[in-house]
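# Reading the structure
The residues making up each chain are set out below.
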Amino acid sequence: MARTRKAPDFEQSLTQLEAVVERMEQGDLPIEEALKAFEEGVKLTRECQEILEQTEQKVQVLVEQQGEMKTRPFQEEQDD
């Protein structure tokens, strides 16, 4: 049976990203480690962005129009 790749968990990726940023902000990493940390941070940022985009796409409001179910993007109420 083929293994399915588990999607990254947003909270876990965000926690890892915060740890990478904290390590880099200390400023005492050798250049090679700083570069690896930066690359890891970029990867984690992209994972978080992808998860957020997928979630945004899933959060849709179903509206019944003329007997058919239609979807429209979820829109937050704005404070006036």
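Per chain, the residues get numbers from 1 upward, laid out in the order the sequence is written. Restriction of local features to residues with pLDDT of at least 70 applies here, the model being predicted, together with a cutoff of 80 or more for giving and counting side-chain atom pairs; totals for whole chains, interfaces and linings are based on all residues. Calculated side-chain values reflect all of the structure's heavy atoms, with hydrogen atoms and water omitted.

## Points about the overall build of the protein chain
- In this description a helix means any DSSP run of H or I spanning at least four residues, a strand means any run of E spanning at least two, and both kinds are numbered starting from the N terminus. A tally of regular secondary structure across the protein chain gives 2 helices and 2 strands.
- When the helices and strands of the protein chain are read in sequence order from the N terminus, they spell out α-α-β-β.
- A total of 80 residues make up the protein chain; the buried ones form 14% of that total.
- Sequence separation of 24 or more characterises 38% of the internal contacts of the protein chain that already satisfy a separation of 6 or more.
- Total accessible area on the protein chain stands at roughly 7700 Å², and carbon and sulfur atoms take up 49% of it. Each residue's exposure class comes from its accessible area (1.4 Å probe, protein chains only) as a fraction of the maximum for that residue type: buried when under 20%, exposed when over 50%, partly exposed otherwise. Any pair of residues with heavy atoms lying within 4.5 Å of one another is described as a contacting pair. In short, Shrake-Rupley with a 1.4 Å probe defines the accessible areas, and a residue's cover is counted only from the protein chains shown.

## Notes on helix H1 (residues 10–25)
- What a helix should span is 1.5 Å times the count of its residues minus one. Along its 16 residues, H1 runs 22 Å from first to last C-alpha, staying within 8% of the 22 Å computed at 1.5 Å per residue.
- Looking at the buried residues of H1, the elements they touch are helix H2 (31–58).
- Any N or O atom pair separated by 3.5 Å or less is treated as a polar contact, with the protein-specific requirement of one donor-capable and one acceptor-capable atom, and with residues adjacent in sequence counted only for side-chain atom pairs. For H1, the side-chain oxygen to backbone nitrogen distance between the N-cap and Glu-11 is 3.3 Å, and the N-cap itself is Asp-9.
- A positive phi of about 75° marks Gly-27, the residue just after H1.

## Section: the confidence of the model for the protein chain
- For every residue, the predictor assigns a confidence score, pLDDT, that lies between 0 and 100. Looking at the protein chain, the pLDDT average stands at 79 and 62% of residues meet or exceed 70.
- Of all helices and strands in the protein chain, the one with the weakest mean pLDDT is strand E1 (residues 60–65) (47), whereas H1 scores best (95).

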